[in-house]
Every structure is written in C-alpha cells, then in structure tokens.
Amino acid sequence: MTNAPRFLGLAGSLRQNSYNFQLLEALKTIGQGKVELELYTNLPNIPLFNEDLKPIENRPKSVIDLCAQIEAVDGLVIATPEYCQSVPGVLKNVLDWISISKALDEKPVAILGGTTGIWGTRYAQASLRHTLVSIGSHTMQRPMVFVNDIRNQLPHGDQPIAPELGQRLTAFADGMQKWAALHK
Ligand SMILES: Cc1cc2nc3c(=O)[nH]c(=O)nc-3n(C[C@H](O)[C@H](O)[C@H](O)COP(=O)(O)O)c2cc1C
C-alpha cells in the first residue's frame with residue numbers, strides 16, 4: 001500500500017503503437033511512489049456520440065465503465081496527440097460522453113502530449129484545456145509537458161528515455177501528486 005494518489009491515464013489515440021500511450025507508460029514508470037497510474041485501453045469501444053440516441057438514458061456499457069473507472073480514482077491524466085492543431089476527434093468524442101456523465105466534475109486532471117513534429121501539442125493542449133474547463137474539471141496548470149520529436153525521446157530498444165524528458169516527467173508526477181492533494 002502507498003499513499004500515492006491514483007490516476008487513470010487516457011491517451012487520445014487509437015493507434016496501436018501510439019507515442020502518447022507510450023508517454024503515459026513512461027510516466028507510470030518514472031512516477032512510481034509519487035502517483036499510481038492505471039492505463040485506460042478501451043478507447044476503441046467508445047461509440048460516436050449522437051444526441052439522437054438519447055445518450056443520457058442509453059449510456060453504452062463502455063462509457064458507464066469508463067466513468068466508473070474515473071470515479072474510482074483521484075484524478076485523470078490525458079496524453080493528447082495533435083491533429084490539425086487541435087485534439088484528435090476520438091479524444092473530443094470521449095470527452096463529450098464524459099461531459100454528460102459528469103464524471104469529471106471537480107476532478108483533478110493533468111494534461112500532456114507529444115507529436116512527431118516540432119510543436120509538441122501546444123495547440124492541442126490549449127484546446128483540451130478549454131474543453132476541460134467547460135466540463136468543470138480542475139485542470140493542472142503547471143508543469144506543462146509538450147514533447148516535440150517524440151519518436152526520438154521515448155525509450156526504444158536499448159535506448160533509455162531522453163534524460164530531459166525523464167526530468168520533465170518526474171516534475172510532472174510531482175505536480176500531479178500535489179494537485180491531487182490540493183483537490184482531495
Ligand atoms: C490527421 C493528422 C493531423 C496531424 N496534425 C498535426 C498537427 O497539427 N501538429 C502536429 O504537431 N502534429 C500533427 N500530426 C502528427 C501527430 O501528432 C503524430 O502522428 C503523433 O504521433 C500522433 O500521436 P500518437 O502516436 O499518439 O498516435 C497529425 C497527424 C495526423 C494523422
């Protein structure tokens with residue numbers, strides 16, 4: 001047993017070898033002892049949101065399960081890719097489901113993200129932060145982690161994580177621990 005706050009980690013990508021999922025895996029390893037991280041893997045089973053289907057009365061099981069997972073932990077951490085200078089549709093879609101379920105009301109949420117290019121998800125995170133404010137979550141302000149050229153920063157094969165990214169994830173895990181305590 002540890003006193004570390006428990007977080008659910010959600011990567012906003014359906015890609016099998018998603019760099020953002022790998023970023024959460026790295027955070028899980030580096031953050032050990034500060035935060036306990038469980039990684040969410042059921043994103044492919046979240047259906048497209050459609051108000052015609054009476055989503056409040058007919059919430060799909062995958063959404064009910066996700067909301068229960070969120071309610072059971074101290075906070076959510078989202079790693080977002082950037083698509084066309086915003087969040088990918090799959091991430092916005094699941095947040096729309098969560099918004100009507102109220103599972104993130106006053107919940108601590110930490111955000112980070114990485115891209116293969118040079119911008120490191122600045123626009124995507126700004127957009128994500130805006131959505132999370134509208135949902136009513138407590139979105140962690142600092143530290144911010146924008147990872148550019150993510151392909152070459154993550155551990156692969158014999159190659160360890162890039163030292164600077166390792167330090168930034170350590171500081172991020174510290175921030176998550178404090179943020180969760182502040183909003184307990
Ligand atoms: C449709 C599409 C749009 C993209 N737009 C951007 C972008 O605006 N800015 C950026 O830095 N990268 C962009 N990328 C590159 C993604 O950030 C990159 O593919 C990233 O690795 C995706 O994250 P993942 O590995 O977690 O799936 C785009 C990729 C796709 C497929």
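By the naming in an unreviewed UniProt entry, the protein is FMN reductase, taken from Maritalea porphyrae.

We now examine the packing of aromatic side chains. Per the counting criterion, the structure on display carries 1 aromatic pair. The residue whose ring lies beneath Arg15 is Tyr19, and the NZ or CZ to ring-centre distance is 4.9 Å. Stacked on the ring of Phe146, the Lys or Arg Arg122 has its end atom at 4.6 Å from the ring centre.

This brings us to the packing of helix α3 (residues 89-101) against helix α4 (residues 122-135). Packing of α3 against α4 brings their axes to within 10 Å, and their N-to-C directions diverge by 10 degrees. Here α4 runs roughly parallel to α3, going by the angle between their axes. Every residue of α4 that contacts α3 at Leu91, Lys92, Leu95 and Ser99 is listed here: Leu128, Thr131, Leu132 and Ile135. Grouping the amino acids of the contact of α3 with α4 by side-chain chemistry returns 5 nonpolar, 2 polar and 1 charged.

Here we come to the pairing of strand β2 (residues 36-39). Where burial is concerned, the two faces of β2 differ: the one with Leu37 and Leu39 is buried and the one with Glu36 and Glu38 is not. Bridge count for strand β1 (residues 6-11) against β2 is 4 bridges, and the pairing is parallel. Looking at β2, one finds that Gly9 is bridged to Leu39. Following the backbone out of β1, through helix α1 (residues 19-30) and into the adjacent parallel β2, one traces a crossover that is right-handed.

Now for the pattern of salt bridges. Using the criterion set out here, one finds 4 salt bridges in the structure. Here Asp65 and Lys61 are joined by a salt bridge, their closest N and O atoms 2.6 Å apart. One end of the pair is Asp65 and the other is Lys61, both in helix α2 (residues 61-72) and 4 residues apart, which spans about a single turn. Looking at Asp65, the relative accessible area reads 30%, which means it is partly exposed. Accessibility expressed as a relative area gives 60% for Lys61, which makes it exposed.

About the thresholds
- Residues numbered from 1 in each chain as written.
- Predicted model: local features only at pLDDT ≥ 70, side-chain atom pairs only at ≥ 80, totals over all residues.
- Heavy atoms only, no water.
- Phe/Tyr/Trp six-rings, centres within 6.5 Å; stacked < 30°, edge-to-face > 60°.
- Lys NZ or Arg CZ within 6 Å of the ring centre and 35° of its normal.
- Axes fitted to C-alpha atoms, helices over the stretch in contact; angles between N-to-C directions.
- Helix = DSSP H or I, 4+ residues; strand = E, 2+ residues; numbered from the N terminus.
- Parallel < 35°, antiparallel > 145°, perpendicular 65-115°, else oblique.
- Contact = heavy atoms within 4.5 Å.
- Nonpolar A, V, L, I, M, F, W, Y, C, P; charged D, E, K, R; others polar.
- Buried < 20%, exposed > 50% of the residue type's maximum accessible area, 1.4 Å probe, protein only.
- Pairing = 2+ DSSP bridges.
- Right-handed = clockwise from strand over helix to strand, strands pointing away.
- Salt bridge = Lys/Arg side-chain N within 4 Å of Asp/Glu carboxyl O.

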